[in-house]
Amino acid sequence: MIFEVYNRNLCVDNINITGVASSSMVFVGDTDTIQLASIFDTPPESLIIGPFVPLAPEVR
Amino acid sequence: MPGRTSVVDKAKVFIVSYSSIFQIGDSHYIYKLSRALAVQREAEIFFGDEGNFAAFQTFTRPISPPPIDEPISIAHHHLSPIIKVNNINIIGISSASMLNIGNSHHVAMEARIKHIRQLLPTGHEQDIG
């Protein structure tokens, strides 16, 4: 694959963003590679109904 | 391959928190990782030393990027050397995020979030169908 880019004028007036969160990125510039990955896990068994059981203790 | 120059007239950011970065300038390699164990409890009970990332597969499973199995030749021609932005207004940048004004070569970012909800049994029996 041959990928050739001719960049002409690039002007943006306003960028209004409420939040940039959990390894996200607002990038104004050039870069070669961007690799973003995320895992969001909330399986059915993560809805626990019953007396509160503390999670596994922190490992220091 | 020299990149273009980013010109930003005004950048207004209120909050930069939880190992986030507001960078003005170039960089070569950016790697950011955020891990969150989000527990929602119906009552305010805090045990203080909770949460072991190794106990959950969400945080241990490797994420393998898609393999690039095709030869690619990339050529850039910057006929205009400027990237112009007048205003940037951001309220919050949080949990290993980034606002980068400038160039970079490699950016790799990873977020791993496990969400757990704990509800009280009383008064909820009828909700469970």
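Our subject is the structure listed above.
Now for a look at the structure at hand. This structure is a prediction, so every number in the text was calculated from the model and none was measured.

Topic: the packing of aromatic side chains
All names here are of chain B.
Logical step 1: Considering all chains together, one arrives at two aromatic pairs over all chains under this definition.
Logical step 2: For the ring pair F53 and F59, a centre distance of 4.6 Å and an interplane angle of 55° mean the geometry is tilted.
Logical step 3: Residue F59 is classed as buried on the basis of its relative accessible area of 8%.
Logical step 4: A network of ring pairs unites the aromatic residues F53, F56 and F59 as a single cluster.

Some points on the sheet that holds strand β2 (residues 21–24) of chain B
Logical step 1: Read across the open sheet, the three strands follow the order β3(A)-β6(B)-β2(B); overall the sheet is parallel. Of all strands in the sheet, those bounded by a partner on one side alone are β3 (25–28) of chain A together with β2 of chain B. In this sheet, adjacent strand axes meet at a mean angle of 5° when their direction is disregarded.

A look at the side chain of S80 of chain B
Logical step 1: Residue placement: S80 of chain B occurs in the loop between β4 (73–78) and β5 (82–93).
Logical step 2: Take S80 of chain B: its relative accessible area is 9%, and that puts it in the buried class.
Logical step 3: The residues touching S80 of chain B, leaving out its near neighbours within four places in the chain, are N7, R8 and N9 of chain A together with R4 of chain B.

Here's the deal with the nonpolar core
Most often, soluble globular proteins have nonpolar side chains that are buried together.
Logical step 1: Formed by I15, V20, V26 and V28 of chain A together with I83, V85, I88, I90, I93, L99 and I101 of chain B, the largest nonpolar core amounts to 11 residues.
Logical step 2: Elements that contribute at least two residues to this core include exactly β2 (10–20) and β3 of chain A together with β5 and β6 (98–101) of chain B.
Logical step 3: Examining the composition of this core, we find that five residues originate from one element, β5 of chain B, more than from any other.
Logical step 4: Non-local contacts of I90 of chain B, meaning those with residues more than four positions away in its chain, are made with I17, V20 and V26 of chain A together with K12, V13, F14 and L99 of chain B.
Logical step 5: Judged by nonpolar contacts, the second largest core, of five residues, contains M25 of chain A together with I30, V107 and M109 of chain B.

Considerations on the interface of chain A and chain B
Logical step 1: Contacts between the two partners involve 57 residues from chain A and, on the opposite side, 78 residues from chain B.
Logical step 2: For the pair chain A and chain B, the two sides together bury roughly 6000 Å², of which 53% comes from carbon and sulfur.
Logical step 3: Where chain A meets chain B, there are two salt bridges.
Logical step 4: One salt bridge connects K114 of chain B with D41 of chain A, and the closest N-O pair in it is separated by 3.0 Å.
Logical step 5: Summed over the shared surface of chain A and chain B, the number is 63 residue pairs in polar contact (both at pLDDT 80 or more).
Logical step 6: The element best represented in the side of chain A that touches chain B is β2 of chain A, accounting for 11 residues.
Logical step 7: When its residues are assigned to classes, the side of chain A that touches chain B shows 33 nonpolar, 17 polar and seven charged.
Logical step 8: Two strands pair when backbone bridges link them, and strand β1 (residues 2–7) of chain A and β4 of chain B are joined in this way by six bridges, in the parallel orientation. Bridging from a neighbouring strand, V5 of chain A pairs with H76 of chain B of β4 of chain B.

Describing a nonpolar patch on the surface
Logical step 1: Judged by side-chain polarity, M1 and F3 of chain A together with I68, I72 and I74 of chain B come together as a nonpolar surface patch covering roughly 540 Å² of accessible area.
Logical step 2: Relative to the assigned elements, I72 of chain B resides in the loop between α1 (57–60) and β4.

With respect to unusual backbone geometry
Logical step 1: Positive phi, normally seen in glycine, also occurs at S23 of chain A, with a value near 55°.
Logical step 2: Mapped onto the elements of the fold, S23 of chain A is located in the loop between β2 and β3.
Logical step 3: A relative accessible area of 6% means that S23 of chain A is categorised as buried.
Logical step 4: Positive phi values are uncommon outside glycine, yet S19 of chain B reaches one of about 50°.
Logical step 5: By the element assignment, S19 of chain B lies in the loop between β1 (5–16) and β2.

Each value, and the rule that gives it
Residues numbered from 1 in each chain as written. Chains lettered and ligands numbered in written order. Predicted model: local features only at pLDDT ≥ 70, side-chain atom pairs only at ≥ 80, totals over all residues. Heavy atoms only, no water. Phe/Tyr/Trp six-rings, centres within 6.5 Å; stacked < 30°, edge-to-face > 60°. Buried < 20%, exposed > 50% of the residue type's maximum accessible area, 1.4 Å probe, protein only. Pairing = 2+ DSSP bridges. Helix = DSSP H or I, 4+ residues; strand = E, 2+ residues; numbered from the N terminus. Axes fitted to C-alpha atoms, helices over the stretch in contact; angles between N-to-C directions. Contact = heavy atoms within 4.5 Å. Core = buried A, V, L, I, M, F, W, Y, C linked by side-chain atoms within 4.5 Å. Buried area = accessible area lost by both parts, 1.4 Å probe. Salt bridge = Lys/Arg side-chain N within 4 Å of Asp/Glu carboxyl O. Polar contact = N/O pair within 3.5 Å; in protein donor to acceptor, adjacent residues only side chain to side chain. Nonpolar A, V, L, I, M, F, W, Y, C, P; charged D, E, K, R; others polar. Patch = residues over 30% accessible without salt bridge, like charges linked within 9 Å, V, L, I, M, F, W, Y side chains within 5 Å. Areas by Shrake-Rupley, 256 points an atom, 1.4 Å probe, with all protein chains shown as cover.

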